[in-house]
Number of protein chains: 2
Amino acid sequence: MSLALRDSPLVAEATRDRIKEHARAIGYIYNRRAASLRTSRSGIVGVVVHDIMNPFYAEILRSIEMELDRGRQTFILSNHYDDLEKQRNFIDTLLQLGADGVIMSPAIGTPPEDIMVAEHNGLPAVLVARSVDGADVPAFRGDDAYGIALATNHLISLGHRRIVMIGGTDQTSTGRDRYQGYVNAMEAAGLELRSGWRLPGPRNKQAGFEIASQFLALKDKPTAAVCWNDLVAIGLMNGIARAGLRPGVDISVTGYDDLEEAAIATPALTTVWNGQREVGRRAARVLLDRLNGAAVKTTLELIRPELHIRQSTGRPVERT
Amino acid sequence: MSLALRDSPLVAEATRDRIKEHARAIGYIYNRRAASLRTSRSGIVGVVVHDIMNPFYAEILRSIEMELDRGRQTFILSNHYDDLEKQRNFIDTLLQLGADGVIMSPAIGTPPEDIMVAEHNGLPAVLVARSVDGADVPAFRGDDAYGIALATNHLISLGHRRIVMIGGTDQTSTGRDRYQGYVNAMEAAGLELRSGWRLPGPRNKQAGFEIASQFLALKDKPTAAVCWNDLVAIGLMNGIARAGLRPGVDISVTGYDDLEEAAIATPALTTVWNGQREVGRRAARVLLDRLNGAAVKTTLELIRPELHIRQSTGRPVERT
DNA sequence: CTGAAAGCGCTTACAG
DNA sequence: CTGAAAGCGCTTACAG
């Protein structure tokens, strides 16, 4: 009977149909726990990111969902909110449930052992959006240094000279890479980097909105802001508008990620497409490949970002 | 040993600590599948909504997460995208995994049997945000007719006479209730309801943004829009601004839900707080109570909404 | 080809 | 109080 229900070729079609019909009639429910106990495959994949409600991760999750659906895997989502303890608990839960694999965007400060402990207990891991040095697993993310340089160079080419970087943290590889990309672009253009021209921290709209007054009060009167991501950029533009200045005219602003929202912001946001869909799709595929026993290379793959120019950037205007 | 690991009082403290220490040393992993097979409790709760990436549901999910964490339940999230088949598959998966319960915001057109099938197979259900007539389970949502009347009456009291309702669908109880609340308020004020003054459909920013031109082209030149939710309202305001008009001045706009974003929109959005946190918290608690064997009443509970007045509404201005 | 039996890792009722 | 045994519902290797 169990063979028939799983469409085994060992069972004749007519027999199979009859059995399935009967199973439905008596309200039979397949017990995956029991099957999993026997086969040590559960059909469950864990996915953990900083915050699933953040649209950047949401876009990655959507493409992961599509791929895993195709592979008939159930997925369990969780936020770690950059709390290492929460992340460890989640991996523990996956191990206890006998999950088949995990896709994670590791919490800030994740030691490689926290990832390898999963691997060593038969839970293959794939990283997205962030990578961890010393963790010998496949990882997919955008080329941040290159991407932020695209945005910075775009502003420089428009004639901006006093460009501030807003948001992000030095505690992730992404944070360091983006800041470095900005620094490199500025130095390559022979532009000065004054202290106070980096306002680290903001990563969401609210924080971008709140930092606007601090940005506008800088004594150098910068004419442009390279933002950590689209959320910060949109929040900042709202804050600039609230202060009576026109984003895209008085102040140029760039975002990062190219969320769906970037195109309908006011003004439409110039930003860097970060390949979320691509990252999610490839991570899910490589995990499915691993589950099917394929040998995959455990290296970091960088997706090449693209600049999308819209209305939030223009020639510099001096404020008086 | 199993007693010791579960902190049973039957085992002396010293013994327990020694066993736990040893378990850690040898890398013991508790097998929840096996335990669940034996006890028929899995510690898993399913949560399914239209779209977890929608901030409205995201806010509900966050409070559900907090409560379930406290009850030491793992939760599995899923989107149904208003696809009944997807929703059925998810409930099937939960049954197969032996989940302990499910919290759902049912897909459009969910027949009560689709919910009762879970109940009858030992998977207690609780509804959030939407209710289903004939499904004998607890449900929590806002009082939509009352809430939308708050917004409509606010506009009327400012002097608006030509007020359009934008977004939503008649296919959910929520959709019907909100439209009815708008109609009731208009009629109570003796205001005319012209055809074309309802633009159904939009439920997200993109759609709100795109419908702006259609709204602005209405021959009656309405002075205000009551929007289905905050996302539509923010999209609409962006569309209005793109067309060169000033939302909050030339056109008054109200939202619904009071997302975190509403307060930092430009202009800050006048909207109706819909009790997302409250809905999620109470739904999770009642489910945990059911899991602990408590008898709970299976009735619909309406959370009373509140109007939050900000800058997107003002006295009417005639357009020429 | 078919059917009965073993075993996955727990928990719990029961015998000693 | 302690320890061995039964059984949850599957899958699969094996005997017939």
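Just so you know, these numbers come straight off a predicted model, no measurement behind them.

Observations concerning the side chain of His-160 of chain A
All names here are of chain A. Among the secondary structure elements, His-160 is positioned in the loop between helix 7 (144–158) and strand 6 (163–166). Among the polar contacts listed, one links the side chain of His-160 to the side chain of Thr-223, at a separation of 2.7 Å. Excluding anything up to four places from it in sequence, His-160 contacts Leu-155, Leu-191, Thr-223, Ala-224, Ser-252, Gly-314, Arg-315 and Pro-316.

Describing the domain arrangement of chain A
Residues and elements named next belong to chain A. For chain A, the domain assignment lists domain 1 (42–142 + 276–304) and domain 2 (144–273). Between domain 1 and domain 2, the C-alpha centre-to-centre distance is 29 Å. Taken together, the contact pairs 16 residues of domain 1 with 15 residues of domain 2. Taken together, the two surfaces of domain 1 and domain 2 that pack against each other cover about 1300 Å², and 46% of this comes from carbon and sulfur. Three residues, Ile-108, Gln-276 and Arg-304, lead the burial of domain 1 against domain 2; their summed loss comes to 35% of the area buried on that side. Where domain 1 packs against domain 2, one counts four salt bridges. Among the ionic pairs, Asp-82 bridges to Arg-203, the shortest N-O distance being 3.3 Å. Linking domain 1 to domain 2 there are eight residue pairs in polar contact (both at pLDDT 80 or more). Counting only elements with at least two residues in the side of domain 1 that touches domain 2, the list comes to helix 4 (55–70), strand 5 (139–142) and helix 12 (276–291). Tallied by class, the residues present in the side of domain 1 that touches domain 2 amount to four nonpolar, six polar and six charged.

Quick word on the packing of aromatic side chains
For the coordinates displayed, the defined rule picks out four aromatic pairs over all chains. Measuring from ring centre to ring centre gives 5.1 Å for Phe-56 of chain A and Tyr-57 of chain A, while their planes differ by 70°; the resulting arrangement is edge-to-face. Using a relative accessible area of 13% as the deciding quantity, one classes Phe-56 of chain A as buried. For the ring pair Tyr-179 of chain B and Tyr-182 of chain B, a centre distance of 5.9 Å and an interplane angle of 35° mean the geometry is tilted. Placement of both Tyr-179 of chain B and Tyr-182 of chain B in helix 8 (residues 173–188) is noted, with a separation of three residues, approximately one turn of the helix. Given the relative accessible area of 25%, Tyr-179 of chain B is considered partly exposed. A cation over an aromatic ring shows up here: Arg-198 of chain A above the ring of Tyr-179 of chain A, its NZ or CZ 4.1 Å from the ring centre.

Topic: the pairing of strand 4 (residues 125–128) of chain B
All names here are of chain B. The alternating pattern of strand 4 places Ala-125 and Leu-127 on one face and Val-126 and Val-128 on the opposite face, and all of these are buried. Sheet analysis places strand 3 (residues 101–104) next to strand 4, joined by three bridges and oriented parallel. Bridging across to strand 4, Met-104 finds its partner in Leu-127. Crossover strand 3 to strand 4 through helix 6 (residues 112–120) is right-handed. Alignment of strand 4 against strand 5 (residues 139–142), held across two bridges, turns out to be parallel. Bridge pairing links Leu-127 to Ala-139 in strand 5.

Topic: the relation of the copies chain A and chain B
Between the two copies, chain A and chain B, the superposition gives an RMSD of 0.0 Å; the rotation angle is 180° and the shift along the axis is 0.0 Å. Taken together, the rotation angle and the small translation identify this as a two-fold axis. Both copies share a contact surface, since 100% of the interface residues of chain A are interface residues in chain B too.

Looking at the environment of Ala-139 of chain A
All names here are of chain A. Structurally, the position occupied by Ala-139 is in strand 5. Distance from Ala-139 to Ala-125, taken between C-alpha atoms, is 9.0 Å for residues 14 residues apart in sequence. Beyond its immediate chain neighbours, meaning those up to four positions away, Ala-139 contacts Leu-127, Ser-131, Thr-299, Leu-300 and Glu-301.

Quick look at empty space enclosed by the protein
One pass over the structure, following the stated rule, counts two cavities of 30 Å³ or more. As a volume, the largest cavity reaches approximately 100 Å³. Looking at the largest cavity, the residues that line it are Arg-32, Arg-33, Ser-36, Ser-42, Ile-44 and Leu-97 of chain A together with Arg-32, Arg-33, Ser-36, Ser-42, Ile-44 and Leu-97 of chain B. If you list the elements that add at least two residues to the lining of the largest cavity, you get helix 3 (32–39) of chain A together with helix 3 (32–39) of chain B.

Some points on the interface of chain A and chain B
Accessible area lost during the coming together of the parts is what is often quoted as the interface size. Taken residue by residue, the interface counts 44 residues in chain A and 45 residues in chain B. In total, chain A and chain B occlude about 4000 Å² of area from one another, counting both sides; carbon and sulfur atoms represent 55% of this. The largest contributions to the chain A side of the interface with chain B come from Arg-33, Gln-96 and Ile-264 of chain A, which together make up 19% of the buried area. Here chain A is connected to chain B by six salt bridges. Across the pair Arg-62 of chain B and Asp-51 of chain A runs a salt bridge whose closest N-O atoms are separated by 3.4 Å. Viewed at the interface, chain B and chain A are joined by 22 residue pairs in polar contact (both at pLDDT 80 or more). Looking at the side of chain A that touches chain B, its residues break down into 21 nonpolar, twelve polar and eleven charged.

What about the sheet that holds strand 7 (residues 198–199) of chain A?
To summarise the sheet geometry, strands pair through backbone hydrogen bonds and adopt either a parallel or an antiparallel arrangement. Residues and elements named next belong to chain A. The strand order across the open sheet formed by four strands is 7-6-8-9, and the pairing between neighbours is parallel. In this open sheet, the two edge strands, each paired with only one partner strand, are strand 7 and strand 9 (252–254). In the sheet, strand 6 pairs with strand 8 (residues 224–227) via four bridges, with the strands oriented parallel. Directly across from Ile-163, in strand 8, lies its bridge partner Ala-224. Seen against the sheet, helix 11 (residues 230–242) touches strand 6, strand 8 and strand 9 and runs at an angle of roughly 160° to strand 9.

Structural notes on the nonpolar core
One finds Ile-52, Leu-77 and Ile-103 of chain A together with Ile-52, Leu-77 and Ile-103 of chain B to be the most contacted residues of the largest nonpolar core, which totals 58 residues. Setting aside its immediate chain neighbours within four residues, Ile-52 of chain B contacts Ile-52, Met-53 and Leu-77 of chain A together with Ala-58, Leu-61, Leu-77, Ser-78 and Asn-79 of chain B. Judged by nonpolar contacts, the second largest core, of 42 residues, contains Leu-127, Val-132 and Val-137 of chain A together with Ile-115 of chain B.

Conventions used here
Residue positions are given per chain, counting from 1 as you read along its sequence in written order. To label them, take the chains in the order written and letter them from A, then take the ligands in the order written and number them from 1. Local features are withheld for residues below a pLDDT of 70 in this predicted model, meaning they are given only at 70 or higher, and side-chain atom pairs are given and counted only at 80 or more; totals for whole chains, interfaces and linings count all residues. No hydrogens and no water enter the side-chain calculation; it runs on all heavy atoms of the structure. Helix and strand labels come from DSSP, where a helix needs a run of H or I of at least four residues and a strand needs a run of E of at least two; each type is numbered from the N terminus. Between N or O atoms, a polar contact is any pair within 3.5 Å; within protein, one atom must be a potential hydrogen donor and the other a potential acceptor, and residues adjacent in sequence are included only when both atoms are from side chains. Any two residues whose heavy atoms approach within 4.5 Å are treated as being in contact. For the domains described, the bounds stem from an automatic or database domain assignment. Summed over both partners, the accessible area lost on bringing two parts together, with a 1.4 Å probe, is the buried area. Put simply, a salt bridge is a Lys or Arg side-chain nitrogen that is within 4 Å of an Asp or Glu carboxyl oxygen. Gly is placed with the polar residues, together with every amino acid not listed as nonpolar (Ala, Val, Leu, Ile, Met, Phe, Trp, Tyr, Cys and Pro) or charged (Asp, Glu, Lys and Arg). Centres within 6.5 Å are what make two rings of Phe, Tyr or Trp a pair, Trp counting through its six-membered ring; a difference in plane orientation under 30 degrees is then read as stacked, over 60 as edge-to-face, and the rest as tilted. Note on classification: 1.4 Å probe, protein chains only; a residue is buried when its accessible area is under 20% of the maximum for its type, exposed when over 50%, partly exposed between these limits. Think of it as a cone above the ring: NZ of Lys or CZ of Arg counts as a charge over the ring if it is within 6 Å of the ring centre and within 35 degrees of the ring normal. Note on pairing: two strands pair once DSSP finds at least 2 bridges between them. With its strands directed away from the observer, a crossover is right-handed exactly when the path from the first strand over the helix to the second travels clockwise. Each copy is superposed on the other by least squares, with the fit set by C-alpha atoms of residues at a pLDDT of at least 70 in both. Using only the protein atoms, space was sampled on a 1 Å grid; points where a 1.4 Å probe fits but cannot get out form cavities, open sets with protein on both sides within 12 Å along at least five of seven lines form pockets, and lining residues are those with an atom within 4 Å of a point. Grid points are joined across faces, edges and corners, and a volume is the space filled by probe spheres set on the points. To get an axis, a line is fitted to the C-alpha atoms, and for a helix only the part in contact is used. The angle between two axes follows their N-to-C directions and goes from 0 to 180 degrees. As used in this record, nonpolar core signifies buried Ala, Val, Leu, Ile, Met, Phe, Trp, Tyr and Cys residues forming a set joined through side-chain atoms within 4.5 Å.

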